[in-house]
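Overview (structure and organization)
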Amino acid sequence: MEETLKQILSEIQKVNQRMDGLDKRFDSLNKDIKELKDGQEQPNGSTINHVVAKHIDERFDELKDTLEEQHRVIDTLLVRSVKNESEVKDFKRIIKSQ
C-alpha cells in the first residue's frame, strides 16, 4: 500500500511539473497575444503617414479648386474692367467733342 501511495505521489508530482510547464507556456502565449493586440490598437508609422498623405492630398485638391475659381473671377473682373475703361474713354471723347 505504501508503495502504491509513493507511485501515486510520484505521478502527481509529474503532473504538477507538466502543469507548471503548461502554465509558463500559456503565460508566454498570453503575453504574445497582448503584444499583438497592443500593436493593432496603436497605429504604426506607415498607417499614420498614409492618413496624413491622404489629408494633404484632399486639402491640396480643395485649395487647387479654390485657386482655379479665384482665377476665373479675376479673369471676369479683368474683362469687365477693360470694357468699363473703354466705355469711360468713349464718354470722355463724347464730352470733349461737345
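Thresholds, definitions, all that
One numbering rule holds for all chains: residues counted from 1, following each sequence as written. With pLDDT at 70 or above as the cut-off, local features in this predicted model cover only qualifying residues; side-chain atom pairs require 80 or more to be listed or tallied, and sums for whole chains, interfaces and linings still use all residues. The basis for every side-chain value is the complete set of heavy atoms in the structure, and neither hydrogens nor water enter the calculation. In this entry, domain limits derive from an automatic or database-based domain assignment. UniProt positions are given in the numbering used here, feature names are shortened, and annotations may be inferred rather than shown by experiment. Numbering goes from the N terminus for both helices and strands, where a helix is a DSSP run of H or I of at least four residues and a strand is a run of E of at least two. Only one rule defines a salt bridge in this text: a Lys or Arg side-chain nitrogen within 4 Å of an Asp or Glu carboxyl oxygen. With a 1.4 Å probe rolled over the protein chains alone, any residue whose accessible area is under 20% of its type maximum counts as buried; one over 50% counts as exposed, and the rest are partly exposed. Exposure above 30% relative accessible area and no salt bridge define the residues that can form patches, which grow by joining like charges within 9 Å and nonpolar side chains of Val, Leu, Ile, Met, Phe, Trp and Tyr within 5 Å. What sets the accessible areas is the Shrake-Rupley method with a 1.4 Å probe; for residues, cover comes only from the shown protein chains. Charge assignment in this entry is limited to Lys and Arg as positive and Asp and Glu as negative, and neither His nor the chain termini are counted. Where a charge lies is defined by one atom per residue type, namely NZ (Lys), CZ (Arg), CG (Asp) and CD (Glu).

**Some details on the domain arrangement of the chain**
- Split into domains, the chain comes out as domain 1 (1–42) and domain 2 (45–97).
- Using only C-alpha atoms to locate each centre, domain 1 and domain 2 end up separated by 73 Å.

**Some details on the UniProt feature "coiled-coil region" (unreviewed entry) in the chain**
- Taking the UniProt record as the reference, the feature "coiled-coil region" (unreviewed entry) is found at residues 5–39.
- Within residues 5–39, the helical portion is 100% and the strand portion 0%, while the C-alpha atoms at the span's ends are 50 Å from each other.

**Overview of the pattern of salt bridges**
- Scanning the entire structure with this criterion turns up four salt bridges.
- The shortest N-O distance in the salt bridge between Lys6 and Glu2 comes to 3.8 Å. Here Lys6 and its partner Glu2 are both found in helix α1 (residues 2–41), four residues apart, which amounts to about one turn of the helix.

**What to know about the environment of Asp61**
- Checked against the element boundaries, Asp61 lands in helix α2 (residues 45–97).
- In this structure Asp61 comes out as partly exposed when scored by relative accessible area, which is 43%.
- It is 42 Å that separates the C-alpha atoms of Asp61 and Lys89, two residues lying 28 residues apart in sequence.

**Thoughts on a negative patch on the surface**
- Among the surface-exposed residues, Asp57, Glu58, Asp61, Asp65, Glu68 and Glu69 lie close enough to one another that they form a single negatively charged patch.
- Mapped onto the fold, Glu69 is located in helix α2.
- By relative accessible area, which is 47% here, Glu69 ends up partly exposed.

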